[in-house]
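Chain by chain, the residues:
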Amino acid sequence: MAAQEIDNSTTWGKELWDQFDNIATHTQKGIDFIERFGGFIRDRSAIEVEYALKLRRLVKNYQPKKSKEDEENEFSSLIAFKNVLKEVADLAGQREVVAENLQNQVLQGILLLAKNLREERKKALNQGASLTQSLHTQIGTLDRAKRSYEKAFREAEKAIESYHKADADFHLSRADVEKQRVNMNIRNSQSEDAKSEYANQLQITNKQQQQHYQIALPEVFNRLQELDEKRTRGMKEFIKRSADVEYEVSPIIAHCLEGIVKAADSINEKDDSMIVIEKYQSGFQPPGDIPFEDLSKPDPDAANNSQTHNSSTGLNHMTGKGTTKDKLKKRVGIFGIFTGNKKILEACINVKNNLSTDGLKEDFSDLPPTQRRKKLTAKVQELQQKVAQEQAASDGLMKMKGVYEANSMLGDPRTVEEQLNESVNRLDRLRHELLRYQKLLEQANNQSFIQHSPQSNRVIQNGQRSSRHSNGSSNHENSHEDNGEDHPDDAGSLSSSSASPESGLGTSHTSLPGSGQGSTNEQPMNEEFYEADTPLGTCRALYPFDATSEGSIPMSEGEELQVIEVDQGDGWTRVRRFSSKGWEEGFVPTSYIECTLYA
């Protein structure tokens, strides 16, 4: 109660009874201020929208590109980054929610409040102005009545004074004195009437003035005070509401931040390292030690070759500088493959026909052993899933056919039979393909893949480069050079079938199993054909190749190169090309080139 009394005793109507103009100005500034606050909310909402838009654009620009390989082997850091982008997108959504709520719940309320306050203020000011004008009018009436009274009073005083002078003057007649007396009475009567009017107007004015300053105008001022307090209270509520808008989304924002922290915690460097190993592991072993070549000891192979060279005139024109007889027979045997078997050349030219849609061979034989087994395993699992799905569909059709045969009203069994036949055919094809890949996988698992890379296994022997597949003893080769038998070592090397172009296990398109040194395809060649710097032919690159291992050289699609050494069965061909740095030699995948050997 005391607080209420204090509030009533400190109202604008009582304390500011004479500050009408200042109150009007103050209330106008208050309404302008809350409208300015509304402008602040509007601009802040626009910033929130722009921030959300930029966040979404940021997420879109940094979204990793999807690829089948990445989906199979995704690093934990990449998965975490994708989750971070997802959480940031959610944060952008919450900023949009903040902007929307600020506009709908705060800005709209401010604009509506400012509009109502402006209308109420206008009515209050108009009423106050009307009351003030009425009071001023009454005060003007009072002033006029007072002036009339003052004028009548002075005229009455003059009339009284004139009468007394005329009555004291013995020279005037009785009629003149009576005339002055009548005039005096008239003036006194007029003065009394003016006095009464003035008193009446004064009473009316005082009453109206009291009513004006104690009741009417205080009501107006109190309404303006209530209006201003309403504006202040609304300012308070809208500021709190703008904070509540933030509070409402803060749990979701906190959840997004927790998701970002969780994504960071999910990164495991060891798992990523294992993925790298699984992704790029070829299955090869590092090369062994390079044997020491003691040049002080005579080479029995060279001595034998020299004796053969001196005793056999038929081969004199075939031996050349720095070329041994056993290497000559090796090259002749391999060259006979190209001249005697056109199918191998056709396979080299049409190598693209053996590639699948993803650029790999259907049996993945151009991949390293580990990667090949991985691809074959994934293919087997994919086919098993397809077989299971097709089997379920076939079983469903079989049941439907049985139902139709039992009750022909439900449907025609012949329509289901056609679908069933198609399903059975598809199932047979899938099973056949599954069986084929299972056999390939079994072969890949049983095959010993602990091998050296092709470049590391080709070493310099007696000043010449030889293949790892011709590393049998010279005695073994010399013992077969007259009887025409194929070397098991050569046959085994030429029949190798699986690996990538860079691993040295790719299928050779320029070699034929079983074509040894004593093959019937051997043809005598001039000795300059086997000179170290003499090309055996030319080749054209079917695909671009980036050299990623030691001993290989890059090439671009369509590039022409010289063949220095044909494929020895390991899937690699030694070539030479001329560049800005001079002549370059190295190995390229045989499956990547189309060979044309000199006749």
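Residues numbered from 1 in each chain as written. Predicted model: local features only at pLDDT ≥ 70, side-chain atom pairs only at ≥ 80, totals over all residues. Heavy atoms only, no water.

## Remarks on the overall build of the protein
Each helix and strand counted, the protein has 15 helices and seven strands in total. The long-range share in the protein, meaning contacts at least 24 apart out of those at least 6 apart in sequence, stands at 75%. Counting every atom, the protein has about 35,400 Å² of accessible surface; 52% of that belongs to carbon and sulfur. (Helix = DSSP H or I, 4+ residues; strand = E, 2+ residues; numbered from the N terminus. Contact = heavy atoms within 4.5 Å. Areas by Shrake-Rupley, 256 points an atom, 1.4 Å probe, with all protein chains shown as cover.)

## Some thoughts on the packing of aromatic side chains
Taken as a whole, this structure holds nine aromatic pairs when the rule is applied. Pairing F20 with F221 gives two aromatic rings, centres 5.8 Å apart and planes at 25 degrees, and the pair type is stacked. Here the residue F20 occupies a position in helix 3 (residues 20-61), and F221 occupies one in helix 6 (residues 174-265), the gap between them amounting to 201 residues. The burial state of F20 is the same as that of F221; both residues are buried. If you follow R436 out to its NZ or CZ, it ends over the ring of Y437, 4.7 Å from the centre. Sitting over the ring of W583, R576 keeps its end group 5.0 Å from the ring centre. (Phe/Tyr/Trp six-rings, centres within 6.5 Å; stacked < 30°, edge-to-face > 60°. Buried < 20%, exposed > 50% of the residue type's maximum accessible area, 1.4 Å probe, protein only. Lys NZ or Arg CZ within 6 Å of the ring centre and 35° of its normal.)

## Quick notes on the environment of I593
As for its position among the elements, I593 is in strand 7 (residues 593-597). As a C-alpha pair, I593 and T573 span 20 residues in sequence and 9.0 Å in three-dimensional space.

## Some points on the sheet that holds strand 5 (residues 572-579)
Spatial strand order, 6-5-4-3-7: five strands in an open sheet with antiparallel pairing. This sheet does not close on itself; its edge strands, each paired only once, are strand 6 (582-589) and strand 7. Going across the sheet, the axis of each strand differs from the next one's by a mean of 35 degrees, ignoring polarity. Direction of pairing for strand 4 (residues 560-565) relative to strand 5: antiparallel, over a ladder of three bridges. Among the inter-strand pairings, E565 is bridged to a residue of strand 5, identified as R574. (Pairing = 2+ DSSP bridges. Axes fitted to C-alpha atoms, helices over the stretch in contact; angles between N-to-C directions.)

## Focus on the pattern of salt bridges
Taken as a whole and judged by the stated rule, the model has 22 salt bridges. Between R95 and E246 there is a salt bridge, with the nearest N and O atoms lying 3.1 Å from each other. Here E246 lies in helix 6 and R95 lies in helix 5 (residues 76-168), a separation of 151 residues in the sequence. What makes E246 partly exposed here is its relative accessible area of 23%. A salt bridge links D228 to R231, with the nearest nitrogen and oxygen atoms 2.7 Å apart. Within this pair, D228 and its partner R231 are both found in helix 6, separated by three residues, close to a single helical turn. Like R231, D228 is buried. Overlapping salt bridges, with partners in common, bring together R44, E48, R95 and E246 in one network. (Salt bridge = Lys/Arg side-chain N within 4 Å of Asp/Glu carboxyl O.)

## Some words on the pairing of strand 7
For strand 7, the tally of buried residues reaches four of five residues, placing the bulk of the element in the interior. For strand 3 (residues 537-541) and strand 7, the ladder comprises five bridges, and the chain directions are antiparallel. The residue of strand 7 that forms the bridge with T538 is T596.

## Section: the packing of helix 3 against helix 6
In contact at an axis separation of 10 Å, helix 3 and helix 6 are set at 15 degrees when each is read in the N-to-C sense. One element, helix 3, and the other, helix 6, form an angle in the roughly parallel class. Every pair of crossing elements has a handedness; the one defined by helix 3 and helix 6 is left-handed. Across from F20, I23, H26, T27, G30, I31, F33, I34, F37, I41, R44 and E48 in helix 3, the residues of helix 6 making contact are L217, F221, L224, L227, D228, R231, M235, F238, I239, S242 and E246. Taken together, the residues that form the contact of helix 3 with helix 6 break down as 14 nonpolar, four polar and five charged. (Parallel < 35°, antiparallel > 145°, perpendicular 65-115°, else oblique. Left-handed = near helix turned anticlockwise from the far one by under 90°. Nonpolar A, V, L, I, M, F, W, Y, C, P; charged D, E, K, R; others polar.)

## Thoughts on helix 12 (residues 413-446)
For helix 12, spanning 34 residues, the distance from its first C-alpha to its last is 48 Å, which sits close to the expected 50 Å at 1.5 Å a residue. Residues of helix 12 that are buried: P413, V416, L420, S423, L427, L430, L434, Y437, L440, L441 and A444. (Expected span 1.5 Å × (residues − 1).)

## As for the pairing of strand 4
With four bridges connecting them, strand 3 and strand 4 associate as antiparallel partners. Each residue of the ladder has a partner; that of G537, found in strand 4, is V563.

## Section: helix 6
The terminal C-alpha atoms of helix 6 lie 131 Å apart, and with 92 residues this matches the ideal 136 Å at 1.5 Å per residue to within 8%. Along its length, helix 6 shows its largest kink, about 45 degrees, at H212. (Bend = angle between axes of the 7 residues up to and from the residue.)

## Looking at the side chain of T573
Structurally, the position occupied by T573 is in strand 5. A polar contact of 2.8 Å, which involves the side chain of T573, links it to the side chain of T590. (Polar contact = N/O pair within 3.5 Å; in protein donor to acceptor, adjacent residues only side chain to side chain.)

## Overview of the nonpolar core
Ranked by size, the top nonpolar core spans 20 residues in total, and within it I34, F37, I41, L102, V106, I110 and F238 carry the most contacts. Those elements that provide at least two residues to this core are helix 3, helix 5 and helix 6. The dominant element in this core, judged by the number of residues it contributes, is helix 5, at nine residues. Among all residues touching F238, those that are not within four sequence positions of it are F37, Q105, V106, G109, I110 and L113. By size, the runner-up hydrophobic cluster in this structure holds 16 residues, among which are C539, A541, M555 and F587. (Core = buried A, V, L, I, M, F, W, Y, C linked by side-chain atoms within 4.5 Å.)

## Concerning the environment of K158
Its place among the elements puts K158 in helix 5. For K158, a relative accessible area of 57% translates into the label exposed. Spatially, the C-alpha atoms of K158 and R187 are 8.7 Å apart, while their sequence positions differ by 29 residues.

## Focus: the side chain of E390
Position of E390 relative to the elements: it lies in helix 11 (residues 369-406). Reaching out from E390, the side chain makes a polar contact with the side chain of R426 at a distance of 3.2 Å. Not counting chain neighbours up to four residues away, the residues in contact with E390 comprise S423, R426, L427 and L430.

## Details of the confidence of the model for the protein
With 72% of its residues at a pLDDT of 70 or more, the protein shows a mean pLDDT of 75. Within the protein, no element has a lower average pLDDT than helix 15 (residues 488-494), which sits at 36, and none a higher one than helix 3, at 94. Segment residues 1-6: pLDDT under 50, and zero contacts once partners within four positions in sequence are set aside and those in other chains are kept. Within the model, the stretch residues 448-532 combines pLDDT values under 50 with 250 contacts to residues more than four positions away or in other chains. (pLDDT = per-residue confidence, 0-100.)

## Regarding a negative patch on the surface
A contiguous patch of negative charge, built from E405, E417, E418 and E422, is present on the exposed surface. For the negative patch, the element with the most residues is helix 12, which contributes three residues. One can find E405 in helix 11. (Patch = residues over 30% accessible without salt bridge, like charges linked within 9 Å, V, L, I, M, F, W, Y side chains within 5 Å. Lys, Arg positive; Asp, Glu negative; His and termini not counted. Charge placed at Lys NZ, Arg CZ, Asp CG, Glu CD.)

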